[in-house]
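Structure assessment
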Amino acid sequence: MSKTEIHTANFVLSTGRCGTQWLHHIFNKYYAEELLTTHEPLHRRYFPRQQLNHKSHKVFIKNASREVVNHIEFIKSTIREKSYLETGHPCWSSLLFFNKIFDGNLKIIYLTREPISMVKSWMAHGAFAKPFLPHQK
């Protein structure tokens, strides 16, 4: 990629159990020179449900945790040199604001998986066993 080309912030989003870890591994293995890849770098620390109330990217940034703001700054600095790829699902609600934050240099791919296989995979990992969420007892 020449210095005049624009680097992008890329997100491969899924419902989970759709192969985003595998994609991260493959892209990291074969495209590491051109692309910095991560898989769910903030995990739940994106606080996705808390982002739904924000009316603008400015309000989103104002209310984001220091960790989210630092991660955004990391992505901004990365895309000055090469493209960034994040795979996984925790960033889903933040993507609404990322297009503005990254000046339109954003691409999103949404993966889906055949629903029965996905549910079986979730069940194999205990997703539907009580408690349903770690904070529920």
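How each quantity is defined
Residues numbered from 1 in each chain as written. Predicted model: local features only at pLDDT ≥ 70, side-chain atom pairs only at ≥ 80, totals over all residues. Heavy atoms only, no water. Salt bridge = Lys/Arg side-chain N within 4 Å of Asp/Glu carboxyl O. Helix = DSSP H or I, 4+ residues; strand = E, 2+ residues; numbered from the N terminus. Buried < 20%, exposed > 50% of the residue type's maximum accessible area, 1.4 Å probe, protein only. Core = buried A, V, L, I, M, F, W, Y, C linked by side-chain atoms within 4.5 Å. Pairing = 2+ DSSP bridges. Axes fitted to C-alpha atoms, helices over the stretch in contact; angles between N-to-C directions. Contact = heavy atoms within 4.5 Å. Phe/Tyr/Trp six-rings, centres within 6.5 Å; stacked < 30°, edge-to-face > 60°.

For the rest of this paragraph, the subject is the pattern of salt bridges. A full pass over the atoms with the stated rule returns 2 salt bridges. We note a salt bridge from Arg45 to Glu67, for which the minimum N-O separation is 2.8 Å. In this pair, Arg45 is assigned in the loop between strand 2 (35–39) and helix 2 (57–63) and Glu67 in helix 3 (residues 66–78), connecting sequence segments 22 residues apart. For Arg45, a relative accessible area of 34% gives the class partly exposed. Two residues, Glu73 and Lys76, come together in a salt bridge whose shortest N-O distance is 3.9 Å. Of this pair, Glu73 and Lys76 both sit in helix 3, 3 residues apart, which is roughly one turn of the helix. On the accessibility criterion, Glu73 (42% relative accessible area) is partly exposed.

Mapped onto the fold, Thr15 is located in the loop between strand 1 (9–14) and helix 1 (20–31). Overall, Thr15 belongs to the partly exposed group, its relative accessible area being 33%. Each C-alpha atom of the pair Thr15 and Arg113 lies 8.4 Å from the other, and the pair is 98 residues apart in sequence.

Attention now goes to the nonpolar core. Formed by 20 residues in total, the largest nonpolar core has its most connected members in Phe11, Phe98 and Phe102. The set of elements that each furnish at least two residues to this core consists of strand 1, helix 3 and helix 4 (95–101).

This brings us to the sheet that holds strand 3 (residues 83–88). An order of 2-3-1-4 is seen for the 4 strands of this open sheet, with the pairing classed as parallel. Bordering the open sheet on either side are strand 2 and strand 4 (106–111), each of which pairs with just one other strand. Across this sheet, the average inter-strand angle for adjacent strands is 15°, counted without regard to direction. Inspection of the sheet shows strand 1 paired to strand 3 by 5 bridges, in the parallel sense. Directly across from Ala9, in strand 3, lies its bridge partner Tyr84. Against the sheet, helix 1 touches strand 1, strand 2, strand 3 and strand 4, its axis set at about 155° to strand 2.

So, on to the packing of aromatic side chains. Applying the stated rule across the entire model yields 8 aromatic pairs. A centroid spacing of 5.4 Å and a plane angle of 45° characterise the contact between Phe11 and Phe98, whose relative ring orientation is tilted. With Phe11 in strand 1 and Phe98 in helix 4, this pair connects stretches of sequence that are 87 residues apart. This pair shows no difference in class: Phe11 is buried, exactly as Phe98 is. Ring centres of Phe98 and Phe102 lie 5.2 Å apart, and the angle between their planes is 70°; this geometry places the pair in the edge-to-face category. Since its relative accessible area comes to 0%, Phe98 is described here as buried. Members of the aromatic cluster, connected to one another through ring pairs, are Phe11, Tyr46, Phe60, Phe74, Tyr84, Phe97, Phe98 and Phe102.

Honestly, it's all geometry; don't read function into it.
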